[in-house]
Amino acid sequence: MEWFSAENVIAVLTAVLGVLASVAALWYERRVPRRKRLGYRVQMDTPIGRNVRGRTADVRLGLFGEGPDVDLSDATLVLLRLENDGPQSIGDNDYTGRPPHGLTVEFTGRVIRGVAVTQPGDADHLMEHFAPEAGMRHEDGKLYLPRVPLNPGEHFKLLFLLTGGPVDSPVRVTGGLLDGEVRPNTAIPADDKPPLFSRPARLITVLLTVCVVTLAGIIVIRDDTRPPIGCATGTLTVVGSTAFAPVAEEAARKYEKDCPGSKVTVETRGTTTGIRALAEAGARHKSGSPAVIALSDGPKPERGYEALRENRVAVSVYAMVLNDRVPLRGLTTADVRRIYRGEVRRWSELGGPDLPIALVSRNTNSGTREVFQRRVLGGYEPAPSSGDCRVKADPSARVLRCEVDSTAQVMATVAEVPGALGYSELRSGQAVPGLHRLALDGREPSVDDVADSGYPYQEVEYAYTYGRPPADSLASSFLHYLLRGPGQEVIRTHGHAPCAAPESYPLCALP
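Summarised in this report is the structure supplied together with it. Everything numeric in this text was worked out from a predicted model, so none of it was measured.

## What about the overall build of the chain?
And step 1. Looking only at helices and strands, one finds 10 helices and 20 strands in the chain.
And step 2. Relative to its full complement of 511 residues, the chain shows a buried share of 45%.
And step 3. Intrachain contacts of the chain at a sequence separation of at least 6 include 77% that bridge at least 24 residues.
And step 4. Accessible surface for the chain amounts to roughly 26900 Å². Of this, 54% is attributable to carbon and sulfur atoms.

## Regarding the nonpolar core
And step 1. Formed by 48 residues in total, the largest nonpolar core has its most connected members in Val336, Ile339, Tyr340, Trp347, Phe372, Leu421 and Tyr457.
And step 2. Counting residues per element, this core draws most heavily on strand 13 (residues 308-323), which supplies seven residues.
And step 3. Leaving out residues up to four positions away in the same chain, tyrosine 340 has contacts with Leu359, Ser361, Phe372, Leu377, Glu381, Pro382, Val399, Leu421 and Tyr423.
And step 4. Counting 26 residues, the second-largest nonpolar core is a separate cluster that includes Leu38, Ile90, Val105 and Ile112.

## So, the sheet that holds strand 1 (residues 36-47)
And step 1. Read across the open sheet, the five strands follow the order 4-7-2-1-9; overall the sheet is mixed. Edge positions in the sheet fall to strand 4 (111-118) and strand 9 (180-184), since each has one partner strand and no second. Across the sheet, the mean angle separating the axes of adjacent strands is 20 degrees when strand polarity is ignored.
And step 2. With five bridges connecting them, strand 1 and strand 9 associate as parallel partners. For arginine 37, the partnering residue across the bridge sits in strand 9 and is glutamate 181.

## Topic: the sheet that holds strand 8 (residues 171-175)
And step 1. Reading across the sheet, the four strands line up as 5-6-3-8 and stay open at both edges, with antiparallel pairing between neighbours. Because the sheet does not close on itself, it has two edges, and the strands there are strand 5 (137-139) and strand 8. Strand-to-strand twist across the sheet, computed as the mean angle between neighbouring axes with direction ignored, equals 20 degrees.
And step 2. Sheet topology places strand 3 (residues 101-107) next to strand 6 (residues 142-146); five bridges connect them, and they run antiparallel. Residue pairing across strands places threonine 104 opposite tyrosine 144, the latter belonging to strand 6.

## A short note on a nonpolar patch on the surface
And step 1. Together, Val12, Val16 and Leu20 line one region of the surface with nonpolar side chains, adding up to about 260 Å² of accessible area.
And step 2. Along the polypeptide, leucine 20 turns up in helix 1 (residues 6-31).

## Thoughts on helix 7 (residues 407-416)
And step 1. Among the residues of helix 7, Thr407, Val410, Met411, Thr413 and Val414 are the ones counted as buried.
And step 2. Tucked into the core, helix 7 has its buried residues touching strand 13, strand 15 (358-362), strand 16 (400-404), strand 17 (420-425) and strand 18 (435-440).

## Things to note about the state of the cysteines
And step 1. Following the criterion strictly, the structure yields three disulfides and no others.
And step 2. What pairs with cysteine 499 in a disulfide is cysteine 508, and their sulfur atoms sit 2.0 Å apart. Where cysteine 499 bonds to cysteine 508 through sulfur, the torsion about that S-S bond is close to -75 degrees, and the disulfide is left-handed.
And step 3. By relative accessible area, cysteine 499 is classed as buried at 9%.
And step 4. Sequential numbering of the bridged cysteines in the chain gives the disulfide pattern 1-2, 3-4, 5-6.

## Brief notes about the packing of aromatic side chains
And step 1. Within the structure shown, the criterion is met by 10 aromatic pairs.
And step 2. Ring centres 5.2 Å apart and planes at 85 degrees place the aromatic pair tyrosine 255 and tyrosine 481 in the edge-to-face group. Taken together, the residues span a long stretch of sequence, with tyrosine 255 in helix 3 (residues 245-258) and tyrosine 481 in helix 8 (residues 474-483) at a distance of 226 residues.
And step 3. Counting every residue linked through ring pairs, the aromatic cluster contains Tyr318, Tyr340, Phe372, Tyr423 and Tyr457.
And step 4. Taking NZ or CZ as reference, arginine 137 lies 4.2 Å from the ring centre of tyrosine 144, over its face.

## Focus: the environment of valine 292
And step 1. Along the chain, valine 292 falls in strand 12 (residues 292-297).
And step 2. Note on valine 292: relative accessible area 13%, which makes it buried.
And step 3. Discounting residues that sit within four places of it in the chain, valine 292 has contacts with Leu236, Thr237, Val239, Leu278, Ala281, Tyr464 and Thr465.

## Topic: the pattern of salt bridges
And step 1. Applying the stated criterion to the full structure yields 18 salt bridges.
And step 2. The residue glutamate 139 makes a salt bridge to arginine 137 at a minimum N-O spacing of 2.7 Å.
And step 3. When its relative accessible area of 44% is taken as the criterion, glutamate 139 is described as partly exposed.
And step 4. In this structure, glutamate 181 and arginine 183 form a salt bridge, with 3.5 Å as the shortest nitrogen-oxygen distance.
And step 5. Here glutamate 181 falls in the partly exposed class, since its relative accessible area comes to 26%.
And step 6. Residue classification places arginine 183 among the partly exposed residues on the basis of a relative accessible area of 26%.

## So, the packing of helix 3 against helix 8
And step 1. Across the interface, helix 3 lies against helix 8 with an axial gap of 11 Å and an inter-helix angle of 110 degrees. Comparing the axis directions of helix 3 and helix 8 gives the class roughly perpendicular. Crossing geometry of helix 3 relative to helix 8 is assigned as right-handed. Contact residues: Val247, Ala248, Ala251, Ala252, Lys254, Tyr255 and Asp258 in helix 3; Leu474, Ser477, Phe478, Tyr481 and Leu482 in helix 8.
And step 2. Here the contact of helix 3 with helix 8 is composed, by residue class, of nine nonpolar, one polar and two charged.

## With respect to unusual backbone geometry
And step 1. At the junction of proline 99 and proline 100, the peptide bond is cis and its omega measures out at 0 degrees in the coordinates.
And step 2. Position of proline 100 relative to the elements: it lies in the loop between strand 2 (76-84) and strand 3.
And step 3. Phi angles above zero are rare outside glycine, and aspartate 179 is one such case at about 50 degrees.
And step 4. As for its position among the elements, aspartate 179 is in the loop between strand 8 and strand 9.
And step 5. A relative accessible area of 61% places aspartate 179 in the exposed class.

About the criteria used
- Residues numbered from 1 in each chain as written.
- Predicted model: local features only at pLDDT ≥ 70, side-chain atom pairs only at ≥ 80, totals over all residues.
- Heavy atoms only, no water.
- Helix = DSSP H or I, 4+ residues; strand = E, 2+ residues; numbered from the N terminus.
- Buried < 20%, exposed > 50% of the residue type's maximum accessible area, 1.4 Å probe, protein only.
- Contact = heavy atoms within 4.5 Å.
- Areas by Shrake-Rupley, 256 points an atom, 1.4 Å probe, with all protein chains shown as cover.
- Core = buried A, V, L, I, M, F, W, Y, C linked by side-chain atoms within 4.5 Å.
- Pairing = 2+ DSSP bridges.
- Axes fitted to C-alpha atoms, helices over the stretch in contact; angles between N-to-C directions.
- Patch = residues over 30% accessible without salt bridge, like charges linked within 9 Å, V, L, I, M, F, W, Y side chains within 5 Å.
- Salt bridge = Lys/Arg side-chain N within 4 Å of Asp/Glu carboxyl O.
- Disulfide = S-S within 2.5 Å.
- Phe/Tyr/Trp six-rings, centres within 6.5 Å; stacked < 30°, edge-to-face > 60°.
- Lys NZ or Arg CZ within 6 Å of the ring centre and 35° of its normal.
- Parallel < 35°, antiparallel > 145°, perpendicular 65-115°, else oblique.
- Left-handed = near helix turned anticlockwise from the far one by under 90°.
- Nonpolar A, V, L, I, M, F, W, Y, C, P; charged D, E, K, R; others polar.

Remember, this is a structural readout, not a statement about activity or role.
Written out as structure tokens, the structure is:
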């Protein structure tokens, strides 16, 4: 497991940041002293006289009317709210003015005619602080407030009757607090909806949300697919069968993706060449098993390769392929042998068009060719007599036969040359324009029911190692990947039947 991957580092740092933010907020809340704070806010400033500068009252009745002894033509009403909007209580001794003086409320350009004090129902104890003997008095446009103690969140209101000045003229509350301040109120007015969280709570919520979203993003984006059990690192070379090369190449790509740190190179140039290359690599290796696997269409030769250890991988099915100019859909094994012996030279002798038969074969390194000779011909193919599969180089030869190096070349040549006949691994012959597959002895080539179909042209695919590779080696791990792991699905995808599948047991278990 890669503990120090980028995803893990980011996840750990994000989690640590979230924890530190919470701890820091708690520490700040408990340990950092905060200032006392008394705030004020003008909640109403309205005219009640008809000649107030800048504003006029439209309708006035009752007490707001004017008489010979009362001139309220420029009167205004102001409602002022004062509250402790800090985190700490404000006591008598916290005010810095001379006793009994606490704060001063000043109205610029206006004269105070009367003052009424109100407070919440649960704060009746505050009223005793507003008596004249406690220091409350007013002169012209100033009101001198006594030292009123307030717990956090407590408040009181002052309703002023003023004359002489315009509406909304400046209102100022002055005074001082020990370790605190008096300032325009930052608290929410009574008619506004209070916030659900305080500012520190909102900040912590945002930080924790960012942390959670970041961690969730890492979980969603990262690839949590666990590598297969038994992954190994290093390099490995796969040689041998070209017919089984597509399986080996795709399995190598998938293994490298599932098991980082591994490198599997596929170099298939034929079964015989691969067996020989494995044996030579083993002979050069000073001790143990080299990092080489050889794929073989059928078992290795009985002599000369005693050190090679076999693993039965899959059952491969092969097919005869015929140029589309010949509409025949099947041959008997006897017909195929007569053709390769030169007893049948034209397709018209088997009910087809009057075209010469051209045989396209693999070279002597091919496992597909060896399987064909063993399973279908029951003997060896004749010597090649043509270089281009069109004209005999030796006019005396009984058959027109050429050899090519790969299954792909067989397909291309059979599709191009009229009357050409060849053979290939089953999947390679599908969907190639210009040719079609043939049934043998009335049986279609198929991987379905391979053990019971009776189709002759099929063989077990072997994987050889030089001796037994170490259990923790890449060769051993890759073999397990093919035989028992996800490689089985790759084998099926390419038209083979894994030996681990129940339908393949009878064939793979044969000696």
